[in-house]
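Summary of structural features
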Amino acid sequence: MRAARLVSALWLVVVAVFLYAPLAVLVAFSFNDSRRDIVWRGFTLKYYAQALGDADLIAAFVNSLTIALASTLASLILGTLAAFWLWRFRFKGRAVAEAALALPIAAPEICMGVAMMMFFGRVLPWPAEAPWPLNLGAIALSHITFAFSFVAVVVRARLGSFDSDLEAVARDLGATTWRVFREILMPHLTPALVAGGLLAFTLSLDDFVITFFTSGPDTVTFPVKVYSMVRFAVSPEINAASTVLMALTLLLTALALRVQGASARLVGAVGA
């Protein structure tokens, strides 16, 4: 028994090192005072200053944040409605609808990218000369097509654990439909909404393949910009920009966990 625990712990350590060692190396060499990543010359913050002073890189990062926020908001609305529809109503073809909802998750990303490129090229041409942020619409719509499915799956799973008796009791006590939704259903769904929104935001923020096929010369996002920079060499400036992006992701994750903890306490209070 003790040997099995030791082997399990050792395996977890090996997996953790395999997953996080590259990220640790990236962060460490973002402070390297050398243009060559394989040689350590000393500690410096100048590459963070260069990254924050790079107008093209900042513009690409702002584009990515704008697209991620827009697609996350739309995905939360569409995904929640789709999940609620599948949970509340019984109809023929429900299994087919649930399978179709999961199709963007299972479909290869390269296929989604080519499909979106053909769609916006022939069916719905998006004006590249539109003012910012309207010129990002094609990318945002493409991200919504796959991000809302992740939100729907997470919210649908959360709805499966909802106690319908709470809703029935609230209606017997005179609560309106809106009040039941606001004070009983929403607190229960909040952890799923936070998790689904964070998942959609992260997927949109770091998406490369679909964005590569739907972006234009004036709609460069952060992943596409980084790709264009690393084709020649990986510089400490890229490491610094990536480190800032990881820090932002960790901050959002911490906030999401905090909101989930608060909502869980609220659900417990409502259930009591």
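Look up: the structure comes first, before these words.
Residues numbered from 1 in each chain as written. Predicted model: local features only at pLDDT ≥ 70, side-chain atom pairs only at ≥ 80, totals over all residues. Heavy atoms only, no water.

1. Quick notes on the overall build of the protein
On a plain count of helices and strands, the protein comes out with eleven helices and zero strands. Along its sequence from the N terminus, the protein presents helices and strands in the succession α-α-α-α-α-α-α-α-α-α-α. Seen through its C-alpha atoms, the protein measures out along the principal axes to roughly 70 × 65 × 30 Å. Burial analysis of the protein (272 residues in total) assigns 35% to the buried set. (Helix = DSSP H or I, 4+ residues; strand = E, 2+ residues; numbered from the N terminus. Buried < 20%, exposed > 50% of the residue type's maximum accessible area, 1.4 Å probe, protein only.)

2. Notes on the packing of aromatic side chains
What describes a pair of aromatic rings is the distance from one ring centre to the other and the angle between the planes of the rings. Scanning the entire structure with this criterion turns up eight aromatic pairs. A ring pair is formed by F208 and Y227, whose centres lie 4.9 Å apart and whose planes are at 50°; its orientation type is tilted. Residue F208 is found in the loop between α8 (177–205) and α9 (209–214), and its partner Y227 is found in helix α10 (residues 222–230); the two are separated by 19 residues along the sequence. We classify F208 as partly exposed; its relative accessible area is 26%. (Phe/Tyr/Trp six-rings, centres within 6.5 Å; stacked < 30°, edge-to-face > 60°.)

3. Regarding the packing of helix α7 (residues 164–172) against α8
Close contact between α7 and α8 brings their axes to 10 Å; oriented N to C, the two are set at 135°. Taken together, α7 and α8 sit at an angle that is classed as oblique. The chirality of how α7 crosses α8 is right-handed. Between α7, through L166, E167, A170 and R171, and α8, the contact on the second element is made entirely by T177, V180 and I184. (Axes fitted to C-alpha atoms, helices over the stretch in contact; angles between N-to-C directions. Parallel < 35°, antiparallel > 145°, perpendicular 65-115°, else oblique. Left-handed = near helix turned anticlockwise from the far one by under 90°. Contact = heavy atoms within 4.5 Å.)

4. Some words on helix α6 (residues 137–159)
For α6, built from 23 residues, the straight-helix expectation of 33 Å at 1.5 Å per residue is met to within 8% by its first-to-last C-alpha distance of 31 Å. At T145, α6 is deflected by roughly 35°, the largest bend along its length. (Expected span 1.5 Å × (residues − 1). Bend = angle between axes of the 7 residues up to and from the residue.)

5. Things to note about the layout of surface pockets
When its volume is computed, the largest pocket comes out at roughly 290 Å³. Taken together, T202, L205, D206, F222, P223, V226, Y227, S242, L245, M246, T249 and L250 form the lining of the largest pocket. Counting residues per element, the ones that place at least two in the lining of the largest pocket are α8, α10 and α11 (236–271). Of the residues belonging to the lining of the largest pocket, the class tally is eight nonpolar, three polar and one charged. (1 Å grid on protein atoms, 1.4 Å probe; cavity = no way out; pocket = protein on both sides within 12 Å on 5 of 7 lines; lining within 4 Å. Points joined across faces, edges and corners; volume = space filled by probe spheres on them. Nonpolar A, V, L, I, M, F, W, Y, C, P; charged D, E, K, R; others polar.)

6. Quick look at the side chain of K225
Mapped onto the fold, K225 is located in helix α10. Among buried charged residues, K225 stands out as having no salt bridge; its nearest opposite-charge side chain is D56, 4.2 Å away. For K225, the contacting residues outside a window of four places in its chain are D56, L57, A60 and V220. (Lys, Arg positive; Asp, Glu negative; His and termini not counted. Salt bridge = Lys/Arg side-chain N within 4 Å of Asp/Glu carboxyl O.)

7. Describing the environment of F43
On the secondary structure map, F43 appears in the loop between α1 (2–29) and α2 (46–53). For the pair formed by F43 and E167, sequence separation is 124 residues and the distance between their alpha carbons is 59 Å.

8. Brief notes about the nonpolar core
Judged by nonpolar contacts, the single largest core of 21 residues is most densely connected at V155, L159 and L189. Of all the secondary structure elements, the ones that give two or more residues to this core are α3 (55–88), α5 (109–123), α6 and α8. One finds Y48, L57, F222 and A240 within the second-largest nonpolar core, a separate group that totals 15 residues. (Core = buried A, V, L, I, M, F, W, Y, C linked by side-chain atoms within 4.5 Å.)

9. Some details on the packing of α3 against α10
Two elements in contact, α3 and α10, have axes whose closest approach is 7 Å; the angle formed by their N-to-C orientations is 145°. Across from D56, L57, A60, F61 and S64 in α3, the residues of α10 making contact are F222, P223, K225 and M229. By residue class, the composition of the contact of α3 with α10 is six nonpolar, one polar and two charged.

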